[in-house]
Amino acid sequence: MTALDADAWADALTMYERRYSIVTVGPRTHQDWSQDALALLRKEVSDPRSWRTLEYWSEADEEWRADWLAPFEEPGPDWPTGLWTVPRTSVERLLVMLSTNWLDVPNERKRNDFEARRPELERKAWVILSRFPEETSFYTNSGYPGSYSGPSTEADVPDFYEATTGCTPLSQHDWDLGLFAVCDTEVGIFWSFDAT
């Protein structure tokens, strides 16, 4: 497997370059991780390792503003309660699903030769996941797809290679799916949007 460093991280993020996606990591400084996530969404903080981030919007875009959450909406005070906890055993597949054209692996299998690309996507997802230690908590706004029968002690592990059952949008779009990775020192945001 690829060792984690700035170059490996940057290479792993290329899986999201063809998607309307945002990938960014910021420092964890609050007891309540949602405060750190909001600071990251508002662009008040940056990657503590100074590693690559990916943002669909850039300063060259007419709509871009430094203080703007776009495409995210300003969340209400209890916004984290609308998220589901994701076991680590499902996160690699969730990261891969977030890189697919339709945010839907079954569609990707039918239309875009997913199985041929799958090993490389999974390698990149593993690199991303390796940044976050074992005790990291993961949260998603994605409805849970079918159970994954892989190695896990959990009774109902979501399989993000199955069709997603819905989402609780956090953006101005009707369909956005993402992942928050929360550890003692960092908060990561991995989000993809369907702007159609």
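Keep in mind it's a predicted model, so treat the numbers as computed, not measured. (Residues numbered from 1 in each chain as written. Predicted model: local features only at pLDDT ≥ 70, side-chain atom pairs only at ≥ 80, totals over all residues. Heavy atoms only, no water.)

Asker: Mind showing me how you'd approach the overall build of the protein here?
Answerer: What the protein contains, in helices and strands, is five helices and five strands. Across the 196 residues of the protein, 48% fall into the buried class. Long-range pairs, those at least 24 residues apart, make up 70% of the contacts in the protein with a sequence separation of at least 6. When the accessible surface of the protein is totalled, it reaches about 9,700 Å², and 46% of it is carbon and sulfur. (Helix = DSSP H or I, 4+ residues; strand = E, 2+ residues; numbered from the N terminus. Buried < 20%, exposed > 50% of the residue type's maximum accessible area, 1.4 Å probe, protein only. Contact = heavy atoms within 4.5 Å. Areas by Shrake-Rupley, 256 points an atom, 1.4 Å probe, with all protein chains shown as cover.)

Asker: Looking at this model, I keep getting lost on the pairing of strand S3 (residues 137–140). Mind explaining?
Answerer: Looking along a regular strand, one sees the side chains alternate between the two faces of the sheet. In the sheet, strand S2 (residues 84–85) pairs with S3 via two bridges, with the strands oriented antiparallel. Bridge pairing in S3 places Trp84 opposite Thr140. Looking at chain direction, S3 and strand S4 (residues 175–182) are connected through four bridges and run antiparallel. Bridge pairing in S4 links Ser137 to Val182. (Pairing = 2+ DSSP bridges.)

Asker: Mind showing me how you'd approach the pattern of salt bridges here?
Answerer: Between side chains of opposite charge, pairing is possible as soon as their charged atoms come close. Considering all chains together, one arrives at 15 salt bridges under this definition. The residue Arg123 makes a salt bridge to Asp11 at a minimum N-O spacing of 2.8 Å. Of this pair, Arg123 sits in helix H5 (residues 114–130) while Asp11 is found in helix H1 (residues 6–13), placing the two residues 112 residues apart along the sequence. A relative accessible area of 22% places Arg123 in the partly exposed class. One salt bridge connects Arg109 with Glu115, and the closest N-O pair in it is separated by 2.8 Å. Salt bridges linked by common partners bring Asp47, Arg49, Arg131 and Glu186 together as one network. (Salt bridge = Lys/Arg side-chain N within 4 Å of Asp/Glu carboxyl O.)

Asker: Which parts of the structure should I look at to understand helix H2 (residues 33–41)?
Answerer: Helical geometry: 3.6 residues make up each α-helical turn, so side chains three or four residues apart lie on a common side. The element H2 is extensively covered by neighbouring structure, given that eight of its nine residues are classed as buried. Within H2, burial applies to Trp33, Ser34, Asp36, Ala37, Leu38, Ala39, Leu40 and Leu41. Where the residues of H2 are buried, they touch strand S1 (21–27), S3, S4 and strand S5 (186–194). The first or second residue beyond H2 is Lys43, which carries a positive phi of 65°.

Asker: Is there a simple way to explain the environment of Ile128 in this structure?
Answerer: Within the secondary structure layout, Ile128 lies in helix H5. Each C-alpha atom, one on Ile128 and one on Asp11, is 9.7 Å from the other, the two residues being 117 residues apart in sequence.

Asker: Quick question: what am I supposed to make of the nonpolar core here?
Answerer: Soluble, globular proteins show a tendency: their nonpolar side chains are buried together. Counting residues in each nonpolar core, the largest one holds 34 residues, and the members touching the most others are Leu95, Ile128 and Phe190. Looking at this core, the elements with two or more residues in it are H1, S1, helix H3 (88–97), H5 and S4. (Core = buried A, V, L, I, M, F, W, Y, C linked by side-chain atoms within 4.5 Å.)

Asker: Where do I start with the sheet that holds S2 in this structure?
Answerer: Paired through their backbone hydrogen bonds, the strands of a sheet run either parallel or antiparallel. An order of S1-S5-S4-S3-S2 is seen for the five strands of this open sheet, with the pairing classed as antiparallel. Looking at strand neighbours, the two that pair on one side only are S1 and S2, the edges of this open sheet. Each of S1, S3, S4 and S5 is contacted by H2, which is oriented at about 55° to S5, the strand it contacts most. (Axes fitted to C-alpha atoms, helices over the stretch in contact; angles between N-to-C directions.)

Asker: Any chance you could explain the packing of aromatic side chains here in plain terms?
Answerer: A full pass over the atoms with the stated rule returns twelve aromatic pairs. Where Trp33 meets Trp79, the ring centres are 5.8 Å apart and the plane angle is 80°; that geometry is what we call edge-to-face. Separated by 46 residues along the polypeptide, Trp33 in helix H2 and Trp79 in the loop between H2 and S2 bring together distant segments of the chain. An identical accessibility class is assigned to Trp33 and Trp79; each is buried. Between Phe114 and Tyr161, the aromatic rings sit 5.4 Å apart at their centres with planes inclined by 80°, giving edge-to-face as the arrangement. Taken as a pair, Phe114 in helix H5 and Tyr161 in the loop between S3 and S4 lie far apart in primary sequence, 47 residues in all. Considered together, Phe114 and Tyr161 belong to a single accessibility category, that of buried residues. Taken together, Tyr20, Trp33, Phe72, Trp79, Tyr139, Phe180, Trp191 and Phe193 form an aromatic cluster joined through their ring pairs. (Phe/Tyr/Trp six-rings, centres within 6.5 Å; stacked < 30°, edge-to-face > 60°.)

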